[in-house]
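# Breakdown of the fold
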There are 2 protein chains.
Amino acid sequence: MNHHDPDEILKSASLKVTEQRRVILRFLLNNHGPFTVEEMKELMSEGSFDLATLYRSMATFEEAGLVEKRLFGDGLVRWEYHAHSLCGHNHHTHHHHLMCQSCKTITTLDICLPPEFFKMIEAYNYTQLKHHLEFSGICPECQKKEVP
Amino acid sequence: MNHHDPDEILKSASLKVTEQRRVILRFLLNNHGPFTVEEMKELMSEGSFDLATLYRSMATFEEAGLVEKRLFGDGLVRWEYHAHSLCGHNHHTHHHHLMCQSCKTITTLDICLPPEFFKMIEAYNYTQLKHHLEFSGICPECQKKEVP
DNA sequence: CTTGCTGCAAAGGGTTTGCATACTA
DNA sequence: TAGTATGCAAACCCTTTGCAGCAAG
């Protein structure tokens, strides 16, 4: 299958192909993010979107493993496309981020937890295991601004 | 100073000592958590608390470094007491958690990221660096329940 | 006595839901 | 055609805020 074609991705996830889902998924495939639902609505030039549709699509996509939720502690949920492992290593592979608390700039970190971590946690016999790992702080640019 | 006395902790953080803050802090010192604001209101037997006071206290305590915010991706913010490093290693030392998405049981994991992680991130020159790391899944008990 | 905290109530903002309509398979 | 997704608007829930009264230092 073509891992860049929204239609094929939706079909292989057993989801109905609708114009809205196609556009949303294409947006996430072409833009790294992560994005808030509000940002997605703003940035998607194609078509018009009801926020409820965005929220419902994100919930559906998350359940299908197509997107991942990102939390930075500022009260907003951010989403990004999550390629399946079979897609090989690209910029959609599992990773984490560093966000500036002031200007909200998000830097992608090509790291994840070491295997020992997961082995240790497997001992608890939890299924559907997920982890949230994100960093935040004040970026060099905003550090300068803060000095009056 | 006595690291178990709410009054002394508040004073050394340059915060005014009020009855509400005393009770909230004592609760967090005696109970590991993390707790949502709602849970804290329910569980604190002493006195009555307005939710606004709880929210404001948590914001104040966080700024003073007395508490840490915990995110598990279910849309709720949870708080727990955060001892300063000078307190030595106890159950309030920095750590992370594993939460069951179904029954919300929270297990404390006495782990944190390996030093290499932080070194790598220091290269970005961010100040006030924080990280959120939490695990979630379905616990063995709830796995049984799910079979109808 | 001055500054700052608390309680109450109202407002705010993000997210979810009910329902009629439109569309996919 | 049956079942599902969408749009719209209202409802929800957690959180924040304005303001008057009260308490701490």
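Residues numbered from 1 in each chain as written. Chains lettered and ligands numbered in written order. Predicted model: local features only at pLDDT ≥ 70, side-chain atom pairs only at ≥ 80, totals over all residues. Heavy atoms only, no water.

## Considering the domain arrangement of chain A
Residue and element names in this part refer to chain A. In terms of domain boundaries, chain A breaks down into domain 1 (1-89) and domain 2 (95-148). Each of domain 1 and domain 2 has a C-alpha centre, and the two are 20 Å apart. Tallying the contact residues gives ten residues for domain 1 and twelve residues for domain 2. By the criterion of area lost to domain 2, the three top residues of domain 1 are Arg70, Leu71 and Phe72, representing 52% of everything that side buries. The tally of links from domain 1 across to domain 2 stands at two salt bridges. With a shortest N-O distance of 3.3 Å, Lys104 and Asp74 are connected by a salt bridge. Counting the contacts that link domain 1 with domain 2 gives six residue pairs in polar contact (both at pLDDT 80 or more). Broken down by secondary-structure element, the contributors of at least two residues to the side of domain 1 that touches domain 2 are strand 1 (67-71) and strand 2 (77-81). (Domains from an automatic or database assignment. Contact = heavy atoms within 4.5 Å. Buried area = accessible area lost by both parts, 1.4 Å probe. Salt bridge = Lys/Arg side-chain N within 4 Å of Asp/Glu carboxyl O. Polar contact = N/O pair within 3.5 Å; in protein donor to acceptor, adjacent residues only side chain to side chain. Helix = DSSP H or I, 4+ residues; strand = E, 2+ residues; numbered from the N terminus.)

## Notes on the protein's contact with DNA strand D
Within the structure, DNA strand D sits among 16 residues, and Gln20, Arg21, Thr53 and Arg56 of chain A together with Tyr55 of chain B are positioned closest to it. Here the atoms of DNA strand D within 4 Å of the protein split so that 71% fall in sugar or phosphate, with bases taking the remainder. Here a phosphate oxygen of DNA strand D and a side-chain polar atom of Arg21 of chain A are 2.9 Å apart. Arg56 of chain A places a polar side-chain atom, nitrogen or oxygen, 3.0 Å from a base nitrogen of DNA strand D. Residue assignment for the surface near DNA strand D shows that the elements contributing at least two residues are helix 2 (19-30) and helix 4 (51-63) of chain A together with helix 4 (51-63) of chain B. Split into classes, the residues belonging to the surface near DNA strand D amount to six nonpolar, four polar and six charged. (Near = heavy atom within 4 Å. Nonpolar A, V, L, I, M, F, W, Y, C, P; charged D, E, K, R; others polar.)

## Considering the state of the cysteines
Taken as a whole and judged by the stated rule, the model has zero disulfides over all chains. The closest cysteine sulfur to the non-disulfide-bonded Cys103 of chain A is located on Cys100 of chain A, 3.7 Å from its own sulfur. (Disulfide = S-S within 2.5 Å.)

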